[in-house]
Amino acid sequence: QVQLVESGGGLVQAGGSLRLSCAASGRDFSTSPMGWFRQAPGKEREFVAAISRRRGTIDYADSVKGRFTISRDNAKNTVYLQMNSLKPEDTAVYYCAARPQYSGVGRSKGEYDYWGQGTQVTVSS
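All figures in this text were calculated on a predicted structure; none of them were measured in a lab.

Quick notes on the rules
Residues numbered from 1 in each chain as written. Predicted model: local features only at pLDDT ≥ 70, side-chain atom pairs only at ≥ 80, totals over all residues. Heavy atoms only, no water. Pairing = 2+ DSSP bridges. Helix = DSSP H or I, 4+ residues; strand = E, 2+ residues; numbered from the N terminus. Axes fitted to C-alpha atoms, helices over the stretch in contact; angles between N-to-C directions. Contact = heavy atoms within 4.5 Å. Buried < 20%, exposed > 50% of the residue type's maximum accessible area, 1.4 Å probe, protein only.

Caption draft 1: Examining the sheet that holds strand β3 (residues 18-24) more closely. The four strands are arranged β1-β3-β8-β7 in an open sheet whose pairing can be described as antiparallel. Every other strand in the sheet has two partners, leaving β1 (4-7) and β7 (68-73) as the edge strands with one partner each. Each adjacent strand pair in this sheet contributes to an overall mean axis angle of 15°, direction not counted. Bridging between β7 and strand β8 (residues 78-83) involves six bridges; their strand directions are antiparallel. Its bridge partner being in β8, Phe68 is matched across the sheet by Met83.

Caption draft 2: Focus on the side chain of Ser52. Considering the arrangement of structural elements, one finds Ser52 in the loop between β5 (46-51) and β6 (58-60). Leaving out residues up to four positions away in the same chain, Ser52 has contacts with Pro33, Thr57, Arg72, Ser103 and Val105.

Caption draft 3: Local environment of the pairing of strand β4 (residues 34-39). When you tally the buried positions in β4, you get five out of six residues, the bulk of the element. Relative to β5, β4 runs antiparallel, the two sharing five bridges. Following the sheet pairing, Arg38 is matched in β5 by Glu46. Pairing geometry for β4 and strand β9 (residues 92-98), over six bridges, is antiparallel. Bridge pairing in β9 links Gly35 to Ala97.

What follows is the structure, encoded as structure tokens:
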């Protein structure tokens, strides 16, 4: 099984940057594609970014392309989300997720089996 814990959220002004981390337990991390999702108040959880198990494939939502970067360090069992040029509409709880049953990346939350507890990101104007 996979256990995930996010960290790195906080309060930042528009135009600022944050780096989120997701620490994973167990041996399955290195073989699992990973995704980042976010959920704003009153909205459904939406896809942000994903990365394959060997870092060969990366996918981003159109709303964050050019501003966010997903990466992973399998030796440290950690996946990252670097967020630059943050906007107020980026305000949400951010979650990392794992899908060890697949080798590729996905955009639907139903494709991911394991989730972290989430970390709050608030961007002020």
